[in-house]
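# Structure at a glance
What follows is each chain in one-letter form.
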2 protein chains.
Amino acid sequence: MDIKTLCLGILSLGDATGYEIKKMVAEGSFSFFSEASYGSIYPALGKLMAEGFVTCRAMAQEKRPDKKVYSLTELGREALTQSLRKNPDPDKNRSEFLAAILFCESVAPERVDDLIEDRIHEHEQKITALEGLLAGDMTPGSIFVVEYGVATQKAALEFLLKNQNKFSGQSPKGAGANLREVPTTAAE
Amino acid sequence: MDIKTLCLGILSLGDATGYEIKKMVAEGSFSFFSEASYGSIYPALGKLMAEGFVTCRAMAQEKRPDKKVYSLTELGREALTQSLRKNPDPDKNRSEFLAAILFCESVAPERVDDLIEDRIHEHEQKITALEGLLAGDMTPGSIFVVEYGVATQKAALEFLLKNQNKFSGQSPKGAGANLREVPTTAAE
DNA sequence: CACTATATATATCGTATTGATACTATTGGA
DNA sequence: TCCAATAGTATCAATACGATATATATAGTG
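None of these values were measured; they are calculated from a predicted model.

This part covers the pattern of salt bridges. Residues and elements named next belong to chain A. For the structure on display, the rule yields eight salt bridges over all chains. A salt bridge links Glu51 to Lys4, with the nearest nitrogen and oxygen atoms 3.3 Å apart. Within this pair, whereas Glu51 is found in the loop between α3 (38-50) and β1 (54-59), its partner Lys4 is found in helix α1 (residues 3-12), the two being separated by 47 residues in sequence.

Pasting the structure below:
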């Protein structure tokens, strides 16, 4: 999803400034499935203005720089509806962790255990954070999205807990320090 | 993970051409957690050459453009090991589907059911595809990665099957066709 | 009181990445 | 025979990212 559409969508939920959009994407329900930086948000808002999809009223504040509040126009609402009509592109998941698992195997197998151990804690934290979001007043949509996130995170966590032993003691080539108590995992 | 490290990692599993690297990232076990285009792979290989991390031997083929096979050097292997030493960055998940759920709510709520229905089929296909990968000869690492993928995909699928009714019949503004049998989900 | 960090708020800049495409040649199917 | 797909290289414009600059105010700390 390009940033223009993302901004359009966020503005469909209510007026916002560029700063607020950035915050929503970095925290809140959006953080689980999107990301955008100022360097893409501000140009996107500029283009949306030029296309007539959003308007901007500058709210002069004393002792603060002007706040530029963007609002969706009727034209913008139609453009968003149109975008939502076509099927969403498949998800893009990027995981340095999974890459590291694959690469460590050939280059530093003794590191895999730590990697998984750390990851388990990260999943636990992520789950706590997501469940914390469910406290505020949320729409059915954002509850759905957050719970979707919780479900997948929990599945990942359980997978790691079940399978972390599958690696231990395997091909201990040279390291030596990594075969503390070889577990009797199902031979194979 | 930047593309240079990704290339280094893939080459640690065996020699490859730029074309082959692209294929591995687009299909195979890598497709689940990484992505890269020619426009980033070729420049990355060029830089890795300049840094002495990879070598390249051109294999002249008749009736085809030269095949440039890249190999990891010992220096490159050390650089990769070094990169793997630091903790992997958190995953980045981008989902147009989840965004669409949120945005549809305010702009086209009658579309949500279709969105979920389609998504269920996509998850089923993805699971089949991932499980298909498990047939070939795989290292423990790639089995782990693929099964991690299967686990999360299945969790997502189950979540959607369980919760797809949570949306039906809610704020049926104008559509009318979407309130077939309102389920008695736990009132709340 | 000064110092530091964090929050509010806008915006730009260099670089990395994407997505599309060009070029050339072979294979396989309609 | 013609079209699409596969194999292989590579580049380019548009976009996105990540870091940073610019200001001001507040909150905490030594």
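And the narrative resumes.
Not every one of the 23 residues close to DNA strand D is listed here, only the nearest: A:Ser40, B:Tyr19, B:Tyr38, B:Lys68 and B:Arg94. Considering the 4 Å shell around the protein, atoms of DNA strand D inside it are sugar or phosphate in 59% of instances. A:Ile3 is positioned such that a nitrogen or oxygen atom in its backbone is 3.4 Å from a phosphate oxygen of DNA strand D. Between a phosphate oxygen of DNA strand D and a side-chain N or O atom of B:Tyr42, the distance comes to 3.2 Å.

Turning to the relation of the copies chain A and chain B, a few remarks are in order. Its rotation angle being 180°, the transformation that places chain A on chain B also includes 0.0 Å of axial translation and leaves an RMSD of 0.2 Å. Viewed as a symmetry operation, the transformation between the two copies matches a two-fold axis. Among all residues of chain A, the minimum C-alpha distance to the rotation axis is found for A:Asn93, at 2.2 Å. When the interface residues of chain A are mapped onto chain B, 100% of them again lie at the interface, so the same face is used by both copies.

Residue and element names in this part refer to chain A. By the secondary structure assignment, Leu161 is in helix α7 (residues 140-163). Among the residues examined, Leu161 registers a relative accessible area of 43% and is labelled partly exposed. Separated by 44 residues in sequence, Leu161 and Glu117 place their C-alpha atoms 8.9 Å apart.

Take a positive patch on the surface next. On the surface, A:Lys92, A:Arg94, B:Lys92 and B:Arg94 cluster together into a positively charged patch. Looking at the positive patch, the elements with two or more residues in it are β3 (92-94) of chain A together with β3 (92-94) of chain B. Take B:Arg94: it is sitting in strand β3.

Once that is clear, we can look at the packing of helix α2 (residues 18-26) of chain B against helix α3 (residues 38-50) of chain B. To describe two helices that pack against each other, one gives the angle between their axes and the distance between the axes. All names here are of chain B. Here α2 crosses α3 at 130°, and the two axes come no closer than 10 Å. With respect to α3, the element α2 is oriented oblique. As for the relative orientation of α2 and α3, their crossing is right-handed in sense. Taking contact as the criterion, the partners of Gly18, Tyr19, Ile21 and Lys22 in α2 are, on α3, Tyr38, Ile41, Tyr42 and Leu45. Looking at the contact of α2 with α3, its residues break down into six nonpolar, one polar and one charged.

Each value, and the rule that gives it
- Residues numbered from 1 in each chain as written.
- Chains lettered and ligands numbered in written order.
- Predicted model: local features only at pLDDT ≥ 70, side-chain atom pairs only at ≥ 80, totals over all residues.
- Heavy atoms only, no water.
- Salt bridge = Lys/Arg side-chain N within 4 Å of Asp/Glu carboxyl O.
- Helix = DSSP H or I, 4+ residues; strand = E, 2+ residues; numbered from the N terminus.
- Near = heavy atom within 4 Å.
- Polar contact = N/O pair within 3.5 Å; in protein donor to acceptor, adjacent residues only side chain to side chain.
- Least-squares fit on C-alpha atoms with pLDDT ≥ 70 in both.
- Contact = heavy atoms within 4.5 Å.
- Buried < 20%, exposed > 50% of the residue type's maximum accessible area, 1.4 Å probe, protein only.
- Patch = residues over 30% accessible without salt bridge, like charges linked within 9 Å, V, L, I, M, F, W, Y side chains within 5 Å.
- Areas by Shrake-Rupley, 256 points an atom, 1.4 Å probe, with all protein chains shown as cover.
- Lys, Arg positive; Asp, Glu negative; His and termini not counted.
- Charge placed at Lys NZ, Arg CZ, Asp CG, Glu CD.
- Axes fitted to C-alpha atoms, helices over the stretch in contact; angles between N-to-C directions.
- Parallel < 35°, antiparallel > 145°, perpendicular 65-115°, else oblique.
- Left-handed = near helix turned anticlockwise from the far one by under 90°.
- Nonpolar A, V, L, I, M, F, W, Y, C, P; charged D, E, K, R; others polar.

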